[in-house]
Every structure is written in structure tokens, then in C-alpha cells.
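Examining the three-dimensional arrangement
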Amino acid sequence: MLKRTNNCGELRKKDAGKEIILNGWIDRIRDLGGIKFILLRDRYGKTQVFFDPNENNELYERAVTLGIEYTVAIKGIVKERPAEAVNSDMETGEIEILAKDLEIFSKSETPPIYVNREEDIAETTRLKYRYLDLRKERLQRNLFIRHKAMQATRKYLSENNFMEIETPYLTKSTPEGARDFVVPSRIKSGNFYALPQSPQIFKQLLMVSGFDRYFQIARCFRDEDFRADRQPEFTQIDIEASFVEMEDILNFGEGVVKAVFQETIGYIPETPFKRMTYAYATDTYGSDKPDTRYGMELKDITEYFKDNCTDFIAEVIKNGGCIKGFEVKNKASLFSRKKFDEYTDLAKSFGAAGLMWIAKDKDKAEPRSSIKKIAQKEINEIINDGIIEEDSIFFALSGERKVINKILGQLRNTVIREETEKAKGFDISWITDFPMFAWDEEENRLVAEHHPFTMPKIDEFEKYADDPLRINGQCYDLVINGYEMASGSVRIHRQDIQKKVFEMIGLSEEQINSKFGFLIEAFKYGPPPHAGMALGMDRLVAVITGEDSIKEVIAFPKTATGSDPMSDAPSVLDEKQLKELKIDVKN
Ligand code: ASP
């Protein structure tokens, strides 16, 4: 075998004259003046090779039989390219290889995906031939960055005394609250394992065992109806530590994120990361995962309307509601009446009764507005106070504060997505003080916002015992560029508090025992105070590589319906397997 002496990305002018061997795939073939040029590719780069019939006709004749994606070895001499042939777009563009020998390792049929072309290909084709798709430079780079991110994580955490410990994949339901993927047990027929939605319970047990700093780059499984860009299995950087408080975990979280950014793309985020409470984030951006790079903070303009007698406005104000909105700068000229109508329909689809809009057109004295007839005076005052600048728009809603915050947040996101140029850089913030509970309308009961092992803020837990929706938890999310990148909490290590929380979310003794009895049992034996978090590896790498979809940073992702067009999973089991498992499939 002609084994490589160099890779396809490393030869330079200084190597001219050397005899080398390269191994790789044929990326391109060109004929020029009777000479055959091929571009040889491996994961390190591309190098140009040429076969000259005047040098060796027999070798040239063999080169004529080559096709793209053939895997070959080429032995040759490194030649400095003549000045006019230097390709400054290629790292190896100063040199080329005069071929002296050729070994064809394997041939390739015409590939269903052209590796050397960036073109729109149906997702199912990409995933069916993922091994070819992965040959592309972009995906090679993405997976390399992912590898570096994992290395940086391991290095940083190991240096800080964290131990990497694996936890089971065949286990029981965990408390994240999504649907479980289950695996039937053959030996205990009729019984099922659940694949972990996270290592949550096991990592807490490891704290009981005294492994006071744990981490794992763990696969998690959640059987959700696939919303945009979710994967049924995904990877978390899972962290837990004992004898710590929230501040310590935020510190470690910042350490990991910083190390990952630095090691992958050399970017050093400023620490400490900015922080805002859940209440502030939702009131200012209408979201608990705001991208603050776009501004468009929500403003309360109720004051201007306090003397307005229009029924719906007076009604809202009387009921303690408000009028809030946000400014979209420099866009008035792009908004026709039709476009405002579309945004109004959109607001309605988000649950609003209507949408108020004001446009201050450039060089026009008269603003356009949906509330011109009922609020001329108010519009003028708002504009005079500089709340809407020249060529800008203001979108506003009236109603109950929490409700309109949420809808405004959705509208703001739409404006960001549809009307705004993609912001550069990274916007990193911690969101803290999430509510401990939420009200589940369907089940008509309180549910845990994070998970039921989250420690409430102790003073609020006592003070608002009768009004639990006012209790905040000691939990936190990390948000980067508008994505929830991590979440975690201080855990309950006191039995009395845990019992109370379970009671509040309406779990019976029996349910508690069958769900997490073993954790409660373990907590009888001296659990340390502990806290932790989990960072989404897929999303983190996607943000770092500038990809919108996490599929671009996962080697073998699934389609939106959770299937894999390459292996054809999920698929039916054969009769024998079903019989062994004592499973009858009903159609
Ligand atoms: N297990 C939690 C989750 O997956 C994270 C944590 O609290 O550590 O969301």
C-alpha cells in the first residue's frame, strides 16, 4: 500500500522538490492541454496533482480512468506552481504534485451527492447518504469544532476536579417531564426500561456517594413531537457539584462556555456573563430567552392613554392591564398597509385581540396608525417624546401584562427573523429566579417549572405557602443568541422541603415512590447540599459554527419525524424478536 507521508492540507512552497505520498478522495478532475489535473481531498484539505503524458504515458493512461470520489494513493514530487498558477484561495495553492505513481484503493459510482458542490439537496437525500454529506468541508469543520468543544469541556472540568462518570442508558423514567423512549425487557417480559431524559437522578445519587464534582457528556432521549429543530436524542454537558451554591455553578458554567469558545474559535467571552431575572427578561423582551443584540425592548406606554375613553382601552386600564409595545427602527418605509395587516393577523394568531401600530414615516408630518381615529393626541405625544423615531414603527398591545408580554415577545422574534439583518457576535446571559411552579390548565394542578428537585427560594417558600405561583426557584438558564443553552438548579437536599414540594404538585406517596423512591430513600443517608446544570452541546456547537440547525453539527441526525432515512430506523421487528419479548403489535 502506498501509505501517506503527508495529508492533503499541509504541503507548502518550502516542500518543493520532496517526494511524497498522499491518500484521499478525488474531488475534481480537469483536462488542460493534454495534462490531467486532479484535486485530491482528505479531511485536512485539498492538493492539486497532475499527470503529464510526456513524463509517464502509462501512468497518464491510468489516470484517465479515474472518477470523482475514487479513493487513491498518489506518489509524486512537490512542485512550486508558476506565479500565474498560484491559487491564493487554497492553503496548498502555491504547490502542486507531479504524479509518479498511482494506486486505486477503490472506485466510486456516480455519487448521489456532489461533495465538491454546495447546493440545495432534499434533507432525506442528505440523510440517506449522510456518509457522503459528511465528506463536505462544512460538515467536516463542524464536527471538528464539536470535537474541540468536547475536548475543551473535558479539560476545563477535569482541571477543576470534576470526574467524568457514566450513568445508565437502560433505566427508569426521569423527571424532565417529556415522554420517555422505552425499551422492552426480554427477561422480565412485560417490563420496560426508559431511556434517560437526562442523568438527573443518577447525578444526584453520585452526590450522595461523595463524588462531589461530576460531569458527563451524556446522551439524553426525549420522545417529543418534534418541534422545529429538536432531535429525539441529543447531547448534554451534564454537571453536578456538592457543597456549593448557585454562584459556584454559574461560575463553572461560565468556565466551560469560555473554554469551549476559546478552544474552538479563539473567542473569549467577557465574564461574568450578564444576568437578568426571569421577571425582568419577560417584562423587557417578552421572553425568558431573549436575544438582546436586537434591542427592541418593550416599553410601557399606558401613561399616555390614561385619559383615553375608547371602550377597550379604558377597560384594560380599569382592570389593571397595560399598553406595551416595542419600536422597530428604520423600517417604516418598508411597511405597507398590507404588511401591517399581516402583522395584525399574526398577532391575532398568537392570541392578541388586535394590534396597534404607529408608523412615523420619513419626511411626512402625519404618522400612519391603526389607532389614529381614537388616539391622535396620544400618538403625537408618544412621537414628541422620542419613543418613535423618524422612519420607525411602534407595535403595541393592550391587555393583561403577562399575556401581552408573551405575545409581544413572539412578535419581536418574528421581526428579528423576518425584518432584521442577522446580528453578529454572541449575546450571552444568565436568566435567574424562574418561578418554581406553573399552573397546568389541562391537568388542573401545579407543576414544577424546572423539575421537582429544584430548591425554592427559602424565604419565598415560607412567605407564599398559600400562593405558590409567587415562589421562585433557585434555578437558572443560560441563553446565547436567543437560544436556551443550559439550565440547572440548586437541588433540594432537605426531606421536609422535598415532601412539601411533592405535595404541592399533587404527587401521591405512591407516585413518588414508584417514580423516584430510590432517590428519596438515598436522601435518608446524609445528602450533601448540591446543585448542577446541563448545557446543550448540540446547540452550543451550532451557535459557535453559525449554523441555524443542530442537525448540521450532529454526525447522524434524524428527520423531523424522528426517522433515519439511511438505516431506515425506526423499523418493525421480526416475528422471532417480538415473540421473545412477548410483544403483540396491534395495528
Ligand atoms: N436535568 C436538567 C435538564 O436536563 C438539567 C439540570 O437541572 O441539571 O434540564
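Residues numbered from 1 in each chain as written. Predicted model: local features only at pLDDT ≥ 70, side-chain atom pairs only at ≥ 80, totals over all residues. Heavy atoms only, no water.

Before going further, it helps to spend a moment on the overall build of the protein chain. The helix and strand inventory of the protein chain stands at 16 helices and 22 strands. Here the C-alpha coordinates of the protein chain stretch approximately 95 × 75 × 55 Å along the principal axes. For the protein chain, with 587 residues in total, the buried portion stands at 49%. Accessible area of the protein chain: about 30,100 Å², with a carbon and sulfur share of 48%. Put simply, the protein chain has 86 plus and 100 minus side-chain charges, and the middle of one group is 2 Å from the middle of the other. (Helix = DSSP H or I, 4+ residues; strand = E, 2+ residues; numbered from the N terminus. Buried < 20%, exposed > 50% of the residue type's maximum accessible area, 1.4 Å probe, protein only. Areas by Shrake-Rupley, 256 points an atom, 1.4 Å probe, with all protein chains shown as cover. Lys, Arg positive; Asp, Glu negative; His and termini not counted. Charge placed at Lys NZ, Arg CZ, Asp CG, Glu CD.)

Let's shift gears to helix α10 (residues 372-384). With 13 residues, α10 ought to run about 18 Å at 1.5 Å a step, yet its terminal C-alpha atoms sit only 15 Å apart, falling short of that. Within α10, the axis deviates most sharply at glutamate 378, by approximately 45 degrees. Along α10, the residues that are buried comprise Ala375, Glu378, Ile379, Ile382 and Ile383. Against the buried residues of α10 lie β14 (356-360) and β15 (368-369). (Expected span 1.5 Å × (residues − 1). Bend = angle between axes of the 7 residues up to and from the residue. Contact = heavy atoms within 4.5 Å.)

Looking at the second largest pocket, its volume works out to about 1,100 Å³. What lines the second largest pocket is a set of 37 residues, and nearest its centre among them are Arg41, Asp42, Gly45, Lys46 and Glu137. At the level of elements, β1 (19-32), β2 (35-42), β3 (45-51) and α4 (137-159) are the ones that each hand at least two residues to the lining of the second largest pocket. In terms of residues, the lining of the second largest pocket owes the most to one element, α4, which gives seven residues. Residues of the lining of the second largest pocket, tallied by class, amount to 12 nonpolar, seven polar and 18 charged. (1 Å grid on protein atoms, 1.4 Å probe; cavity = no way out; pocket = protein on both sides within 12 Å on 5 of 7 lines; lining within 4 Å. Points joined across faces, edges and corners; volume = space filled by probe spheres on them. Nonpolar A, V, L, I, M, F, W, Y, C, P; charged D, E, K, R; others polar.)

Attention shifts here to the sheet that holds strand β5 (residues 95-106). Read around the closed barrel, the five strands follow the order β1-β2-β3-β5-β4; overall the barrel is mixed. Looking at each pair of strands side by side, their axes are set apart by 55 degrees on average, direction ignored. (Pairing = 2+ DSSP bridges. Axes fitted to C-alpha atoms, helices over the stretch in contact; angles between N-to-C directions.)

Pairing is antiparallel across the open sheet formed by five strands, whose spatial order is β12-β13-β16-β14-β15. Because the sheet does not close on itself, it has two edges, and the strands there are β12 (299-300) and β15. Across two bridges, the pairing between β14 and β15 is antiparallel. Of the residues in β15, the one forming a bridge with isoleucine 358 is serine 369. Here helix α8 (residues 311-318) sits on the sheet in contact with β13 (322-328), β14 and β16 (392-399), set at roughly 65 degrees to β16.

Moving on, we come to the site of the ligand. By nearness alone, 13 residues border the ligand, and Glu176, Gln200, Lys203, His450 and Arg491 come closest of all. In this structure, an oxygen atom belonging to the ligand sits 2.8 Å away from a side-chain N or O atom of arginine 491. Look at the ligand: alone it shows 270 Å² of surface, and the protein chains cover 94% of it. Of all the secondary-structure elements, those providing two or more residues to the shell around the ligand are α5 (200-208), β21 (483-490) and β22 (530-536). (Near = heavy atom within 4 Å. Polar contact = N/O pair within 3.5 Å; in protein donor to acceptor, adjacent residues only side chain to side chain.)

Relative to the assigned elements, lysine 551 resides in the loop between α15 (537-545) and α16 (575-581). You can call lysine 551 buried: its relative accessible area is 14%. Here the side chain of lysine 551 touches glutamate 123 through a polar contact of 2.8 Å, side chain to side chain. Ignoring anything within four residues of it in the chain, the contact list for lysine 551 reads Glu123, Arg130, Asp229, Gln231, Pro557, Lys558, Thr559 and Ala560.

Right, let's talk about α5 for a bit. An α-helical segment advances 3.6 residues per turn. Residues three or four places apart therefore align on the same side. Among the nine residues in α5, eight count as buried, and that is most of the element. Along α5, the residues that are buried comprise Gln200, Ile201, Phe202, Lys203, Gln204, Leu205, Leu206 and Met207. Structurally, α5 contributes buried residues whose contacts are with β9 (213-221), β10 (233-242), α14 (509-522) and β22. Following α5 by one or two positions, glycine 210 adopts a phi angle in the positive range, close to 95 degrees.

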